[in-house]
Amino acid sequence: MKNLINISLKEKIILLRVDLNVPVLDGKIIDKSRIEAIRLTVKKLQEWQNKVFLISHFGRPKGKIKKEYSLKFICPTLKKTLDLDKIFFIENLEEEEIKKISNKMSSSEVCLLENIRFYPEEEKNNLNFAKKISKNFDVFVNEAFSASHRNHASIVGLPKFLPSYAGYNLIEEIKNINIFMNSSKQPNLAIIGGSKISTKINLLYHLIEKCDVISIGGAMANTFLSAMGINVGLSLHEKDLKKTAFSILEKAKKVNCKILLPLDLVCANNLQDKINIKQCNINNIPANQMALDIGGKTIKEISSYITKSKAVLWNGPLGAFEYTPFDKSSIKIAKVIKRISKSGISTIAGGGDTISVIKMAKAQDGFSYISLAGGAFLEWLEGKSSPGVDALKKN
Ligand code: ADP
Ligand code: MG
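In what follows, the accompanying structure is described. Worth saying up front: this structure is predicted, and the values here are computed from it rather than measured.

1. Let's talk about the site of ligand 1
Item 1. In the region of ligand 1, 19 residues are neighbours, and Lys 200, Ala 291, Glu 322, Asp 353 and Thr 354 sit closest.
Item 2. In this structure, Ala 291 approaches ligand 1 through a main-chain N or O atom, which is 3.1 Å from a nitrogen atom.
Item 3. Gly 352 places a polar main-chain atom, nitrogen or oxygen, 3.4 Å from an oxygen atom of ligand 1.
Item 4. Relative to its unbound accessible surface of 580 Å², ligand 1 loses 82% to contact with the protein.
Item 5. Per-class residue counts for the shell around ligand 1 are seven nonpolar, nine polar and three charged.

2. Focus on the nonpolar core
Item 1. By size, the foremost hydrophobic cluster in this structure holds 78 residues, and its most contacted members are Ile 191, Ile 214, Ile 306 and Trp 314.
Item 2. Judged by nonpolar contacts, the second largest core, of 30 residues, contains Leu 9, Ile 35, Leu 54 and Leu 112.

3. Considerations on the sheet that holds strand β5 (residues 87–90)
Item 1. Spatially, six strands are ordered β5-β6-β4-β1-β7-β8 in an open sheet, and the strand pairing comes out parallel. Two strands bound the open sheet, and with one partner strand each, they are β5 and β8 (164–166). Neighbour-to-neighbour, the strand axes of the sheet open up by a mean angle of 25°, direction not taken into account.
Item 2. Across three bridges, strand β4 (residues 51–55) lies against strand β6 (residues 110–113) in parallel orientation. Among the inter-strand pairings, Phe 53 is bridged to a residue of β6, identified as Cys 111.

4. Some words on empty space enclosed by the protein
Item 1. Applying the stated criterion to the full structure yields two cavities of 30 Å³ or more.
Item 2. For the largest cavity, the calculated volume is near 80 Å³.
Item 3. Around the largest cavity sit Asp 19, Arg 34, Ala 37, Ile 38, Glu 143, Ala 144, Phe 145, Ser 146, Asn 169, Glu 173, Leu 372 and Ala 373, which together line it.
Item 4. Its residues assigned to classes, the lining of the largest cavity shows six nonpolar, two polar and four charged.
Item 5. In terms of lining, the second largest cavity is formed by His 149, Ala 376, Glu 379, Trp 380, Lys 384, Ser 385 and Ser 386.
Item 6. By residue class, the composition of the lining of the second largest cavity is two nonpolar, three polar and two charged.

What counts and what doesn't
- Residues numbered from 1 in each chain as written.
- Chains lettered and ligands numbered in written order.
- Predicted model: local features only at pLDDT ≥ 70, side-chain atom pairs only at ≥ 80, totals over all residues.
- Heavy atoms only, no water.
- Near = heavy atom within 4 Å.
- Polar contact = N/O pair within 3.5 Å; in protein donor to acceptor, adjacent residues only side chain to side chain.
- Areas by Shrake-Rupley, 256 points an atom, 1.4 Å probe, with all protein chains shown as cover.
- Nonpolar A, V, L, I, M, F, W, Y, C, P; charged D, E, K, R; others polar.
- Core = buried A, V, L, I, M, F, W, Y, C linked by side-chain atoms within 4.5 Å.
- Buried < 20%, exposed > 50% of the residue type's maximum accessible area, 1.4 Å probe, protein only.
- Pairing = 2+ DSSP bridges.
- Helix = DSSP H or I, 4+ residues; strand = E, 2+ residues; numbered from the N terminus.
- Axes fitted to C-alpha atoms, helices over the stretch in contact; angles between N-to-C directions.
- 1 Å grid on protein atoms, 1.4 Å probe; cavity = no way out; pocket = protein on both sides within 12 Å on 5 of 7 lines; lining within 4 Å.
- Points joined across faces, edges and corners; volume = space filled by probe spheres on them.

Next up, the structure:
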């Protein structure tokens, strides 16, 4: 795969695919990690006197121009975080408009293009669309590992028409996830949580073959408990996936992978409930309550496995961490990992919500690597091929 590490691109007009799909709350960007991650690539391209056009998606406007999904709002933050003197912005992808701005720009200047998902052709991977865009540029660089699991025009279409390279962060993501997956450090432990098994079935099947122990928490655990005949009350769980949960447990037995399910849970009437919070064993979940976090005994058990492990992978919060006190176990586990990491074990985490909880616990430096990708991180861990990376390899 051609990449920026072993080549320098000079005085070109570059289309740089980035992921500016940053988390926003009340109009404010709450995490700039994805912008910080593209800094090196942008800086190098500027040093080499290129004109740099950034292209990204933002949210799900579903192929329509929707003001609330415009990327214009991000320009001041990009300017500051990327240390730019100036940033241009183009509201559409019309050839004339791009030419006009491109002629105005001096080498090393940066321009952001409007949300690529305003065009229905993007998600349909329309090749004529990709070809038309490509005509305005000399080179394509993909710096969006977190979007590279998508078969979209700006990911897989553009490399069909332009000389294409991988950016520094894309290479970093792949390198670090591979180092973790290929390391033979044992015993190893995967901690998997989150709300749905349905989004992580393939991951679980894959990890069972690679891991000595898998600890399952979050609402995912409820589906397993329910499959085992435990009454989970009003807890979030996937009734249709009981069979799948069983077959995961069966397969784990066969390949000698120990599955840790919760021993106890923290239950409440709903997510906002602060009054009727109860800690109970898994056999005593109140019929009118929901399990919203794993309990103290379970936290202790997972912590003791972390202490015994040489490698730990984490994806998915273990409780409904957005609502206190159901963030307790996830914060505690992040802190345990941070403490143990000092003894030289390998630790990796990924997933949007997992990163949020690690930050809440101020435990970022407890991880050998934190992937900025969610879906793409999971699919890479599953051993699936990545359409974006494959497109770069074929180029
Ligand atoms: P990631 O983004 O790290 O991959 P997920 O998106 O799979 O993680 O899961 C995070 C979501 O799971 C959060 O919104 C969290 O509130 C929810 N969750 C975790 N445990 C529970 C639970 N017991 N009941 C309801 N929701 C839960
Ligand atoms: Mg999530």
